[in-house]
Amino acid sequence: KRILSKYGFDDYFNSLSLLPLADKTRKGNLGEIVLSEYLSNTTQHELLVFRLRYNPNIEQSMKGDDVLMLNPNNMDEKIILGESKYRNPPGKDVVQEILDGMGSGTKSPISLTFIENVLRTQGKVSLAQAVAKMQAKINKGIIEIVNVGFLLSNHNGHNHINSHGKSSNPNLIFISANLNNPDDFISKCYEKAHT
């Protein structure tokens, strides 16, 4: 932004739509970002591709896995697959949405081919090949998959997870971030992103 301003391209920069305006999309995207940051800081896993950068329509949620974390130093290590939701106020329905996708059994990633293609485009061929091999190992049940259901909500979010988060998926972990005023948090995040 500074460089564009320096050369008189303020109007051009301000005309770009880099962040969503739709409230639902903003909330969904921020939930994915918070979950990704949390998992990046608490595990050895990384987002090899930040998928929101590749969304052709920023006003709609992007199809595919919300969060897919791999360990680039050990591609045979487990995969972390996250489903993120935002609700204020929370309720049984949002917990059920997560369970509908992950509650009855371990959910496998659907975005590995997308990640492989992006890595090839970036010239990271050996990493792309490792992702391709990983897909075959997943099909054979060789690589462990950990499913993470995440709820970004108000102070009451964890209560709904505790009450309604019963699952037959042995690899499902539920976590939540409970904020006193999550709507204000989202507004401030997007204000900061625009500056």
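What comes next concerns the included structure. Quantities reported herein were computed from a predicted structural model and do not represent experimental measurements. (Residues numbered from 1 in each chain as written. Predicted model: local features only at pLDDT ≥ 70, side-chain atom pairs only at ≥ 80, totals over all residues. Heavy atoms only, no water.)

**A look at the pairing of strand 2 (residues 79–87)**
Then, number 1: By the criterion of burial, strand 2 is predominantly enclosed, with 8 of the 9 residues buried.
Then, number 2: In the sheet, strand 1 (residues 67–69) pairs with strand 2 via 3 bridges, with the strands oriented antiparallel. Considered in strand 2, the bridge of Met69 is made with Ile80.
Then, number 3: Bridge count between strand 2 and strand 3 (residues 145–153): 9 bridges; the pairing is parallel. Each bridged residue has a counterpart across the sheet, and for Leu81 the counterpart in strand 3 is Asn147. (Buried < 20%, exposed > 50% of the residue type's maximum accessible area, 1.4 Å probe, protein only. Helix = DSSP H or I, 4+ residues; strand = E, 2+ residues; numbered from the N terminus. Pairing = 2+ DSSP bridges.)

**A few points about unusual backbone geometry**
Then, number 1: A cis amide bond links Asn88 with the next residue in sequence, Pro89, at an omega value of 0°.
Then, number 2: On the secondary structure map, Pro89 appears in the loop between strand 2 and helix 4 (92–102).

**Here we look at the side chain of Lys85**
Then, number 1: Relative to the assigned elements, Lys85 resides in strand 2.
Then, number 2: Not counting residues up to four positions away in its chain, the partners in contact with Lys85 are Val94, Glu97, Ile98, Phe150, Leu151 and Leu152. (Contact = heavy atoms within 4.5 Å.)

**Side note on the sheet that holds strand 2**
Then, number 1: With respect to topology, 4 strands assemble into an open sheet ordered 1-2-3-4, the strand pairing being mixed. Here the strands that pair on one side only, and so sit at the sheet edges, are strand 1 and strand 4 (172–178). Averaged over neighbouring strand pairs, the angle between their axes works out to 20° when direction is ignored.
Then, number 2: Running over the sheet, helix 7 (residues 157–164) touches strand 3 and strand 4 and is turned about 155° from strand 4. (Axes fitted to C-alpha atoms, helices over the stretch in contact; angles between N-to-C directions.)

**Examining the nonpolar core**
Then, number 1: Leu48, Leu70, Ile79, Leu119, Val131 and Met134 are the most contacted members of the largest nonpolar core, which totals 27 residues.
Then, number 2: Only strand 2, helix 4, helix 5 (112–121), helix 6 (125–139), strand 3 and strand 4 provide two or more residues apiece to this core.
Then, number 3: Apart from residues no more than four positions distant in its own chain, Leu119 is found in contact with Leu48, Val49, Lys124, Val125, Leu127, Ala128 and Val131.
Then, number 4: Counting 14 residues, the second largest nonpolar core, distinct from the first, contains Leu35, Val67, Met69 and Phe150. (Core = buried A, V, L, I, M, F, W, Y, C linked by side-chain atoms within 4.5 Å.)

**Let's talk about a nonpolar patch on the surface**
Then, number 1: A cluster of nonpolar side chains, namely Ile3, Tyr7, Phe9, Tyr12, Leu16 and Leu18, defines an oily patch on the protein surface of about 660 Å² accessible area.
Then, number 2: Within the secondary structure, Tyr7 sits in the loop between helix 1 (2–6) and helix 2 (10–15).
Then, number 3: Tyr7 sits in the exposed class, given a relative accessible area of 55%. (Patch = residues over 30% accessible without salt bridge, like charges linked within 9 Å, V, L, I, M, F, W, Y side chains within 5 Å. Areas by Shrake-Rupley, 256 points an atom, 1.4 Å probe, with all protein chains shown as cover. Salt bridge = Lys/Arg side-chain N within 4 Å of Asp/Glu carboxyl O.)

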